[in-house]
Amino acid sequence: MRLLVFAAALLGLGALVAAGGGTFWESVSDWVESLGFWGPLVFALCYALAVLALIPGSVLNASAGALFGVAVGSAAVLAGATAGAAISFGVARLLGRPAVARYTGSGRLARLDGYLSRRGFESVLVLRMVSLFPFGVVNYAAGVAGVRFVPYMAGTVLGIVPGTLVYTGLGGALREPGSPVVWIAPVGLVLLSAVGWWATQLVRSRTGVTPPS
């Protein structure tokens, strides 16, 4: 369902640009380009704030690819997502479980708590790859579940790289319609889903724990 929604959003954006929305997109692109070196840094900062606010990142990832290209866009997303994940983790530790439960939802927090408390690195890695829970919710849940910071960040960084490349690639396809990325990115999205399913099964077989759904 997430893949279908995201694909529909991309198609809608492409149709909007084709139908005359190009002027708006050009204005945004011109503004970003006017920032020069600071453009990707400003985007990364905004991305980190979006993570704190629990705003879904898929469309932001695609926007980074469309604005900066796959290479620079991926770097901006990785920087923003990593910073947002680290800050969210610290905020959760500072505020404590009751405040986090009110913000993220006590039901989701309860389901995540038992899973994250068993194997920090593997649990975070799988949740990043399979996207069973929103990125921001996992950040706050890990902060109050007793996961150590270093395994949490390692699982986060490794887990978000494949998805970041795929989604920025899909956005980059809007920037360069004739690029091979137009064909590579959708294939990567399918492979990413398959790897996420495989990772879930692997952890289940090794630990006897089923990731929350």
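Residues numbered from 1 in each chain as written. Predicted model: local features only at pLDDT ≥ 70, side-chain atom pairs only at ≥ 80, totals over all residues. Heavy atoms only, no water.

### Observations concerning the overall build of the protein chain
Across its full length, the protein chain carries 10 helices and zero strands. Starting at the N terminus and walking to the C terminus, you meet the elements of the protein chain as α-α-α-α-α-α-α-α-α-α. Taken over 213 residues, the protein chain has a buried fraction of 43%. When contacts within the protein chain are restricted to residue pairs at least 6 apart in sequence, long-range pairs at least 24 apart make up 78% of them. Put simply, the protein chain shows about 11,000 Å² of open surface, and 71% of that area lies on carbon and sulfur atoms. (Helix = DSSP H or I, 4+ residues; strand = E, 2+ residues; numbered from the N terminus. Buried < 20%, exposed > 50% of the residue type's maximum accessible area, 1.4 Å probe, protein only. Contact = heavy atoms within 4.5 Å. Areas by Shrake-Rupley, 256 points an atom, 1.4 Å probe, with all protein chains shown as cover.)

### Some details on a nonpolar patch on the surface
Together, W31, F37, W38, L41 and V42 line one region of the surface with nonpolar side chains, adding up to about 600 Å² of accessible area. Mapped onto the elements of the fold, F37 is located in the loop between α1 (2–34) and α2 (38–52). (Patch = residues over 30% accessible without salt bridge, like charges linked within 9 Å, V, L, I, M, F, W, Y side chains within 5 Å. Salt bridge = Lys/Arg side-chain N within 4 Å of Asp/Glu carboxyl O.)

### Overview of unusual backbone geometry
Within the chain, L54 stands out as a residue other than glycine whose phi angle is a positive 65°. Along the polypeptide, L54 turns up in the loop between α2 and α3 (58–68).

### A few points about the environment of A141
Looking at the element boundaries, A141 is found in helix α8 (residues 135–144). In this structure, the C-alpha to C-alpha distance between A141 and L116, residues 25 residues apart in sequence, is 8.1 Å. Filtering out sequence-adjacent residues up to four positions away, A141 remains in contact with L109, L112 and L116.

### Side note on the nonpolar core
One finds L112, L116, L127, V147 and Y152 to be the most contacted residues of the largest nonpolar core, which totals 24 residues. Elements represented by at least two residues in this core include exactly α4 (70–95), α5 (97–104), α6 (106–116), α7 (120–130), α8 and α9 (149–175). Examining the composition of this core, we find that six residues originate from one element, α8, more than from any other. Listed in part, the 11 residues of the second largest apolar core include F43, Y47, A64 and A76. (Core = buried A, V, L, I, M, F, W, Y, C linked by side-chain atoms within 4.5 Å.)

### Remarks on the side chain of T156
Structurally, T156 is set in helix α9. Its relative accessible area of 0% is what places T156 among the buried residues. Of note is the side chain of T156, whose polar atom sits 3.1 Å from the side chain of R128. (Polar contact = N/O pair within 3.5 Å; in protein donor to acceptor, adjacent residues only side chain to side chain.)

### What to know about the packing of α4 against α8
The N-to-C vectors of α4 and α8 enclose an angle of 40°; their axes lie 7 Å apart at closest approach. Put simply, α4 runs oblique to α8. Like other packed secondary-structure pairs, α4 and α8 cross with a definite hand, here right-handed. On α8, the residues that touch A81, G84, A85, S88, F89, V91, A92 and R93 of α4 are F135, N139, Y140, A142, G143 and V144. Looking at the contact of α4 with α8 residue by residue, the class counts come to nine nonpolar, four polar and one charged. (Axes fitted to C-alpha atoms, helices over the stretch in contact; angles between N-to-C directions. Parallel < 35°, antiparallel > 145°, perpendicular 65-115°, else oblique. Left-handed = near helix turned anticlockwise from the far one by under 90°. Nonpolar A, V, L, I, M, F, W, Y, C, P; charged D, E, K, R; others polar.)

Any functional reading would require information beyond the geometric quantities listed.
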